[in-house]
Every structure is written in C-alpha cells, then in structure tokens.
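# Working through the structure, step by step
The chain contents come next:
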Amino acid sequence: MAANINDAQTPAFLQELIKFMKVMDWMTRNHGIRFLTENVWDKVPPSWRDALMQLSEEELYRLPVDPSVRRKTWPLSLQAFFKCIDRFQLANIVPSLQSVFKSKGLKLTQEWPEELVARINRSCAMNPKKFHEVDILCPLLEQIGRAVGCKRVIDLGCGQGYLCNILALCCDVEVLGIDSVASQVAGAERKLKNIQKDIGLMMRKGVNLDAFMSLEPTVKYVQKPISCSMTATDLFEAIEESGDTKSGGVLVGLHTCGDLAASMLRMFNASPQVDAVLNVGCCYNLMTVATEENPEVASITNTTSGTGSHLPSQPGYPMSKLCSLALPSLERDTRSLACQSVERRHFTQAKMDRVHKSHSYRAVFQYILEKELALYGRLYAGAMSQGYYDSFVVYSRELSNRFQLPPEQHLSEEKLNYYWDTIGVPWHKQICAFDSIRTALAPVIESLILLDRVAYMRECGHDATLVALFDPAISPRFVGILATKPKNSIAVKDSGGFDRLSLQLQSQQSD
C-alpha cells in the first residue's frame, strides 16, 4: 500500500526506505551487463525465478509500471517486493502541485493564446518538454516570491534563458540568470530580443497581450563559473556583478546536474540573501558519494562532473545526518538506475524489442570480452541508435570500434552468431526478467536521494518539502525540492505541504 503523503517525508519513513534499500542491495549492485559473467540469475530467489519465467516477454516489459501484470499466486516475498515498490516510489509519496493548487481554486499555469505559444516556441526554439516546465514554473516562482516577500528570482545554470526570459516577460518579478558559458549567456540575451520582437509584431497587429506579457522585462545575465564546488560567497559575487545589491530572492535550479543540486541546497543554507529555493536535480549517476570505508570522503571512481571539473568539498550523497549514519550503498550502477524513467516505459513492440535486445546484447558481449578475450573491467557503451540492434553482429561490430579493440580481437561473424545462438538466445528471457524487477527499483532509489536532501534541509532548520511539478511522461525528473527559511514558513507538512502557501496566495488574490 502506498504511503500516506503526510507521513512520507518524515525521518521514520526515510528509515524504512533505507532498510528496504539495504535488503535490495544485491539487486541494485548487479547490473545486467554482468548477468552472464557473474551468474546474476543464481542470486534471484528460486521462487521468484519460477514466477517471472511464467510471464510473457511483453508482460516482463510492462511489469515495472503495470500492476495488472502481477499475480496473486506469486510467492509472498515477491508480492511484498512490489508492495514496497508502491510504498516508496516518488509518484506515491509526493503531492502533485497541480492538485494542491486546484483544490484551493488557484491557477498554476497560464492559459496562453495559441498564436503566442507558437511564437514563443519559434523565438526560443523550445521543445514541448521545455515549454511544459516553463509554463508551470513561471507562475509558481512568482507566487513563491510573493509569499516570502521578494520579487527577485535567481536562476543558477540558466543556460539559454528559456525560464528567465519567459519569467521576466510574463510575471511581476526581477530575474537574474547565471551561467558559466559565455555562448549560453549570449544565446539567452539573443532569444530575449527575438521574443520581444515577435510580441511587438503581434501587438502591432492588434493582438492584446497585456494580460500575458510586458515588453519591458527586468532580466539580467551574468557569466560566472558554476561547478559543484560553488559556494554561497560565489553566489553573492555573481549577484553583486549584476549590479543588484538588494537582499532577498528565490533561488531556482532546473535540472541541476550531479552534485550541483546538493551544492545549491548548501548555498541556500549559507546565503542570507536567499529566502527560498526550488531545485530539480538530475544526472544522479554523476553524483559523488561517501562510502562505508570512507564515510567522510566522496568516492569519485568513474565519475565526471557535468557542471565543471571542480570536485565538491562535500559529497552529493548523503547530505543528511540520518542517511550518513545508515549509509545505504549508492554505487554508480545504483545511481544510474535512479536516472531511468519508468513512466516512459510505454509498450510498443519496437520499444520492447530495443530495450530487451540492449540488455541481452550487452550481457553477451561482456561475456565475450571476459571469456574469449580476457578483457576485464567495465566499459561504457553509451547511447546506441536503433540501427545497431538489427543483429548481434552489427551491435558487436559497433562496440568493438567504440571500445577500440585491436583488429585481431574483432570476432568473425560466424563466431559472434555462435555466441548469440548458444548463450544469448537461451538466456534472453532471464536477462529480460532480471532487468524488469531491477528497473522497478528506479523510482525508489530516486526517492532515497531526494528524501535525503529534504532531511538535510530540515536538519538545518528550514521548511522543506518535495512536490511533483511536472508530468513525468513529459519531464522524467518531475519532482522538485521547495524550501524556505523559517521566517518565511510556506513549505509545511500538513495536507500535502502547501496549505499555508495557498492561504497566503488566496489572501493576496482577494486584496
């Protein structure tokens, strides 16, 4: 049974989640790449193996997202596994911002005229995913600013300024965008001019956009190095460089990569100039983590930062004292699993074939590397386009090139087909079955990472909560962390966490 939303973001719930993750550590650690070389199937309980092998390949594919595939005749331990998945996964423990605001009679998104949407997308080159995110965040950030008594929004890692420009044009806020790349800042400024030009053209044609946009936005951009080692002092210097010396602001980070999400929360904690923070993290595989052997030291093996070459002075995980004491393992394979989006695992024959082939092909190729070529260790294949899954031979040829194997280690077509026929085909369904139950853990691992961050913020004395911002089928990293300093208590825990914020906003609307 899913957790009650009011109880799901508490220390007791996090402790339950930690215990579950420790029990399932054997599964998260064992990536499908090593399925054949390390006899992973033998680690799955025999009763689970029997139950899973009774499912069709399509049912195995749908298993992580479709409860109707589950059987009441399954072993109780396998049924309990999926009940825990339901209890701990993000979609069942985080309140939807849309539903909370709707229940209060508040509008979260703008009702944009179709022509305006088309022109914004053309001017900014925004895809549907980006527009969906901006459409929700703009009014939300404006309302958070009103609730904490400030009109400034600081977008850390603003990129091409998609959020900054629309926020400044459509909402009563002042915006500061910070990015480390000069071309990104220049692109953001160029897109702002394009939008203003298109809006001006619409207005000259008689389209009334007064209710939606202003042609005189207050938005500034600053180029400042951004990395996971960035501090509150660095943030204050960026604010000073913009020429804006007044205090107060809402700090926002959309899809902050790897350790930057944790660094951003630490910046908020150490920055008296910032009143609230809204953070949506991503790329959990790039986080540094403390280990049981070195609990004070971040493990950086096979880890590169997506936000700069500087390593953080503190690990991206764990942040909270609670998780630091328990320290459930989050190795790279486990963190990579958290990046998967089960909500996007919709069934089509072509999609299922590609997913299942990708796991089986890679497992067999790893078997060849170790058993045939005596090459050990982990090599990362990266993304593969559809054409490489036409056959195991085509796939193997591509990986041999990517891994820069010498010509004498490229196997013949005959030998590759032999390995696939004698090892791949007999083990294909078992590989698919293990991938399905392991993939089901993805949203649970993400819950652990995000609840650790919420626990840290609360340990620091801030009001913090998780909230579902986006449609997960459109934007896979759909959950954000909203936190405020105690004097601005808006992120409370009762009734989904937004009663007080909603009441403040209602009173503002009636003024």
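Residues numbered from 1 in each chain as written. Predicted model: local features only at pLDDT ≥ 70, side-chain atom pairs only at ≥ 80, totals over all residues. Heavy atoms only, no water.

A separate point is the sheet that holds strand β1 (residues 152–156). Pairing is mixed in the open sheet, where 7 strands are placed in the order β3-β2-β1-β4-β5-β9-β8. Sheet topology places β3 (218–223) and β8 (463–468) at the edges, where each strand pairs with a single neighbour. Direction aside, neighbouring strands of the sheet carry axes that sit 15° apart on average. The sheet contact formed by strand β5 (residues 276–282) and strand β9 (residues 479–484) spans 4 bridges and is antiparallel. If you follow Asn279 over to β9, its bridge partner there is Ile481. (Pairing = 2+ DSSP bridges. Helix = DSSP H or I, 4+ residues; strand = E, 2+ residues; numbered from the N terminus. Axes fitted to C-alpha atoms, helices over the stretch in contact; angles between N-to-C directions.)

This part is about the environment of Val289. The topology assignment puts Val289 in strand β6 (residues 289–290). Once the C-alpha coordinates of Val289 and Gln314 are considered, the two residues, 25 residues apart in sequence, prove to be 8.8 Å apart.

A few words on the layout of surface pockets. Of the voids in this model, the largest pocket is the one considered here, and its volume is about 1200 Å³. Those elements that place two or more of their residues in the lining of the largest pocket are α15 (332–338), α16 (349–372) and α18 (413–439). The dominant element in the lining of the largest pocket, judged by the number of residues it contributes, is α16, at 6 residues. Tallied by class, the residues present in the lining of the largest pocket amount to 13 nonpolar, 10 polar and 11 charged. (1 Å grid on protein atoms, 1.4 Å probe; cavity = no way out; pocket = protein on both sides within 12 Å on 5 of 7 lines; lining within 4 Å. Points joined across faces, edges and corners; volume = space filled by probe spheres on them. Nonpolar A, V, L, I, M, F, W, Y, C, P; charged D, E, K, R; others polar.)

The next thing to look at is the confidence of the model for the protein chain. Here the protein chain averages 84 in pLDDT, while 85% of its residues score no lower than 70. Confidence scores differ between elements of the protein chain, with helix α20 (residues 499–510) showing the lowest mean pLDDT of 40 and helix α3 (residues 46–53) the highest of 98. Contacts of residues 297–311 to residues separated by more than four positions or lying in other chains number 35 contacts, the stretch itself having pLDDT below 50. Below pLDDT 50 for its whole length, residues 489–511 participates in 51 contacts with residues either more than four positions away or in separate chains. (pLDDT = per-residue confidence, 0-100. Contact = heavy atoms within 4.5 Å.)

Two measures define how a pair of helices packs: the angle their axes make with one another and the distance between the axes. The geometry of helix α9 (residues 128–148) relative to helix α10 (residues 162–170) is characterised by a closest axis approach of 9 Å and an angle of 45° between their N-to-C directions. In this view, α9 runs oblique relative to α10, as classed from their interaxial angle. Our pair here, α9 against α10, has a crossing hand that is right-handed. Each of Lys130, Val134, Leu137, Cys138 and Leu141 in α9 lies in contact with α10, whose residues at this interface are Tyr162, Leu163, Ile166 and Leu167. (Parallel < 35°, antiparallel > 145°, perpendicular 65-115°, else oblique. Left-handed = near helix turned anticlockwise from the far one by under 90°.)

This paragraph deals with the pattern of salt bridges. The full count for this structure, using the stated rule, is 19 salt bridges. The closest approach of N and O atoms between Arg62 and Glu58, which form a salt bridge, is 3.5 Å. Placement of the pair is Arg62 and Glu58 together in helix α4 (residues 57–62), with a separation of 4 residues, close to one helical turn. Exposure remark for Arg62: the relative accessible area of 22% places this residue in the partly exposed category. Glu59 serves as the salt-bridge partner of Arg71, at 2.8 Å between the closest nitrogen and oxygen. Linking Arg71 in the loop between α4 and α5 (76–88) with Glu59 in helix α4, this pair joins segments that are 12 residues apart in sequence. One continuous salt-bridge network, built from bridges that share partners, spans Asp25, Arg29 and Glu331. (Salt bridge = Lys/Arg side-chain N within 4 Å of Asp/Glu carboxyl O. Buried < 20%, exposed > 50% of the residue type's maximum accessible area, 1.4 Å probe, protein only.)

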